[in-house]
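# Working through the structure, step by step
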Amino acid sequence: MIPKLKLSTNTQIHNAVFSRFYYTNRINKTTLYSIISPLGNPGTRIEPELDNWVKNGNKVRVGELQRIIRDLRKRKRFSQALEVSDWMNRKCICVFAPCDHAVQLDLIGRVHGFLSAESYFSNLKDDEKTYQTYGALLNCYVRQRQTDKALSHFRKMKEMGIALSTLTYNDIMCLYSKTGQYEKVPDVLTEMKAKHIFPDNFSYRICINSYGARSDLEGMEIILREMESQPHIVLDWSTYASAAHFYIKANLIDKASDVLKKAEERLEQKDGIGYNFLISLYASLGNKSEVLRLWDLEKTACKRYINRDYITMLEALMKLGEHEEAEKVLKEWELSGNSYDTRIPNAVIIGYCNNGLVQKAEAILEDLVEKGKATTPNSWAVVAAGYFDAGKTERGFQCMKAALSVYVEGKGWKPDPKVITSILSKLGDEGSVQDVEAFVAALRTVIPMNRQMYHAFIKANIRNGKGVGELLDSMKADGIDEDEETKEILVCTMEK
């Protein structure tokens, strides 16, 4: 038995060390996880893969399905996790325990909203309505800022004598924080302690943030000292980093530096996220030497930089105005062998534009295009906005056309309304009808036809001696009535 225990422990350590990677199989045997894991597109359905797995004579293990659900939730692939959970339930793979229903309820709330979660909860049997499922529904209400429902549900839990936990009270504190009722958070913490429910790190951190949000730094310091005095609390770097954030906002440089030192002392080996947070905070302090020192320490601790680290460092350097250092780091990333990530050059592009160096930002984009690398609409649009702010409307117009040319539907990008207004105004006043048509055709792939587009068409047509009757009819057909500005354009343009 002893060798087996040792093997189990070693396996756990091995899994913990490599937890940032997907699960793998030593002999590359196909598993259900290895099929589902790569299907990262949220629109990809999982159920057909599950059905095929069974159809091909493979066994379905409850433990593996639960592990898949956990991992999909961790990676925020909630729709797919819900598919797996639904499939398990429908196919009677196992009898759902209250904890399984709680997971299902949470996923329903995330994917379909709290009303669907309520419906699922109401259809549960009485013995399935435990602290776990009650807690999952409470979390749904909190996540969607349903204050009245959350508080009513919380009161019902109390009345029914359902065991309240640290997690339950943390949910209520989160609710008040999400809805801007920061002054109510400390009272919840007080109630917890009165009921002998031990606050955890997260409880205290919510409370610290509530004091910081109200600029009550004295109250924040009292909670921080209380945390430090609690034997069951092991302070982590993120708590001190939260305090540092509020000290920086209050321009209390020395206090911020003190808690940042404490945060660094609590960084664990290979904690790249922690290093990134501290680098960002030191950049906010304007402390270049600490930013560079931590950057070097991170490489020693984590062995290599991943793309997330490069983004953080480039944003920090651009915030400090250290453009040459940023260019060195950008070049280092290009030679690192890491996968191409548009967010990395974009950090420098945005930094240059914020500092008025728009031409340098555009040069980066042109270099990427020359190398055959992908660029994003957002990158070009940021540069376009920079040119318009600098009064260089022609360059801004060209960059916005480039942004529209690389637009992909469904990626969430929308152009800056101010920039679009400036371009349409310029085209209406100076452009040809063909120029307006080309730009509006590209713009309509991103946003629907609107009054500003029609106004640009009307002005260009009148200037070029063309009628606008059909345009006005189309405008009316699109549900856009003539307003005072339309009438003024018609009068003023014709007078010219």
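Not measured: the values here are computed from a predicted model. (Residues numbered from 1 in each chain as written. Predicted model: local features only at pLDDT ≥ 70, side-chain atom pairs only at ≥ 80, totals over all residues. Heavy atoms only, no water.)

If you tally the helices and strands in the protein chain, you get 28 helices and 0 strands. Buried residues in the protein chain amount to 46% of all 496 residues. Contacts spanning at least 24 positions in sequence make up 57% of the contacts within the protein chain whose residues lie at least 6 apart. Summed over its atoms, the accessible surface of the protein chain is roughly 27,100 Å², and 51% of this surface lies on carbon and sulfur atoms. Across the protein chain, the centroid of the 68 positively charged side chains sits 7 Å from that of the 66 negatively charged ones. (Helix = DSSP H or I, 4+ residues; strand = E, 2+ residues; numbered from the N terminus. Buried < 20%, exposed > 50% of the residue type's maximum accessible area, 1.4 Å probe, protein only. Contact = heavy atoms within 4.5 Å. Areas by Shrake-Rupley, 256 points an atom, 1.4 Å probe, with all protein chains shown as cover. Lys, Arg positive; Asp, Glu negative; His and termini not counted. Charge placed at Lys NZ, Arg CZ, Asp CG, Glu CD.)

Running from N to C, helix H8 (residues 131-143) and helix H10 (residues 166-178) point in directions that differ by 10 degrees, and their axes come no closer than 9 Å. When the axes of H8 and H10 are compared, the pair comes out roughly parallel. In contact with Gly135, Leu138, Asn139, Val142 and Arg143 of H8, H10 contributes Thr168, Asp171, Ile172, Cys174, Leu175 and Lys178. For the contact of H8 with H10, the per-class residue count stands at 5 nonpolar, 3 polar and 3 charged. (Axes fitted to C-alpha atoms, helices over the stretch in contact; angles between N-to-C directions. Parallel < 35°, antiparallel > 145°, perpendicular 65-115°, else oblique. Nonpolar A, V, L, I, M, F, W, Y, C, P; charged D, E, K, R; others polar.)

This part is about the side chain of Glu298. Locating Glu298 in the fold gives a position in helix H17 (residues 288-302). Nearest to the buried, unbridged Glu298 among oppositely charged side chains is Arg308, at 5.4 Å. The contact partners of Glu298, leaving out residues within four places of it in the chain, are Gly272, Tyr275, Asn276, Ile279, Lys303, Tyr305 and Asp309. (Salt bridge = Lys/Arg side-chain N within 4 Å of Asp/Glu carboxyl O.)

Let us now look at the packing of aromatic side chains. All told, the structure shown has 10 aromatic pairs when counted by the stated rule. Geometrically, the ring pair formed by Tyr305 and Tyr310 is edge-to-face, given 5.6 Å between the ring centres and 70 degrees between the ring planes. As far as the burial class goes, Tyr305 and Tyr310 line up, both buried. Ring-pair connections join several aromatic residues into one group, and the members of that group are Trp295, Tyr305 and Tyr310. The positively charged end of Arg67 is found above the aromatic ring belonging to Tyr33, 5.2 Å away from the centroid. (Phe/Tyr/Trp six-rings, centres within 6.5 Å; stacked < 30°, edge-to-face > 60°. Lys NZ or Arg CZ within 6 Å of the ring centre and 35° of its normal.)

The biggest cluster of nonpolar side chains holds 154 residues, and the ones touching the most others in it are Val383, Met400, Phe439 and Ile458. Setting aside chain neighbours within four positions, we find Phe439 in contact with Phe397, Met400, Lys401, Leu404, Ile420, Ile423, Leu424 and Leu427. (Core = buried A, V, L, I, M, F, W, Y, C linked by side-chain atoms within 4.5 Å.)

It is worth spelling out the pattern of salt bridges at this point. Following the criterion strictly, the structure yields 26 salt bridges and no others. The partner of Lys149 in a salt bridge is Glu118, with the nearest N and O atoms 2.9 Å apart. Highlighted residues: Lys149 in helix H9 (residues 147-159) and Glu118 in helix H7 (residues 114-122), separated in sequence by 31 residues. On the accessibility criterion, Lys149 (34% relative accessible area) is partly exposed. Among the charged side chains, a network of salt bridges with common partners joins Arg45, Glu47, Glu83 and Arg90.

The subject of this paragraph is the environment of Phe277. Position of Phe277 among the secondary structure elements: in helix H16 (residues 272-285). Residues Phe277 and Thr312 lie 35 residues apart in sequence; the distance between their C-alpha atoms is 8.2 Å.

This part is about the environment of Val383. Structurally, the position occupied by Val383 is in helix H22 (residues 377-389). If sequence neighbours within four positions are ignored, Val383 has contacts with Ile349, Cys353, Val358, Ala361, Glu362, Leu365 and Cys399.

The end-to-end C-alpha distance of helix H15 (residues 253-265), which contains 13 residues, comes to 19 Å, matching closely the 18 Å that a straight helix rising 1.5 Å per residue would cover. Those residues of H15 that fall on the buried side of the exposure criterion are Ala256, Ser257, Val259, Leu260 and Ala263. Buried-residue contacts for H15 involve helix H14 (237-249) and H16. (Expected span 1.5 Å × (residues − 1).)

This part covers the state of the cysteines. For the structure shown, the criterion picks out 0 disulfides. For the unlinked cysteine Cys140, the closest cysteine sulfur is that of Cys174, found at 14 Å. Lacking any disulfide linkage, Cys207 is separated from the closest cysteine sulfur, that of Cys174, by 12 Å. (Disulfide = S-S within 2.5 Å.)

The values are spatial; any link to function lies outside them.
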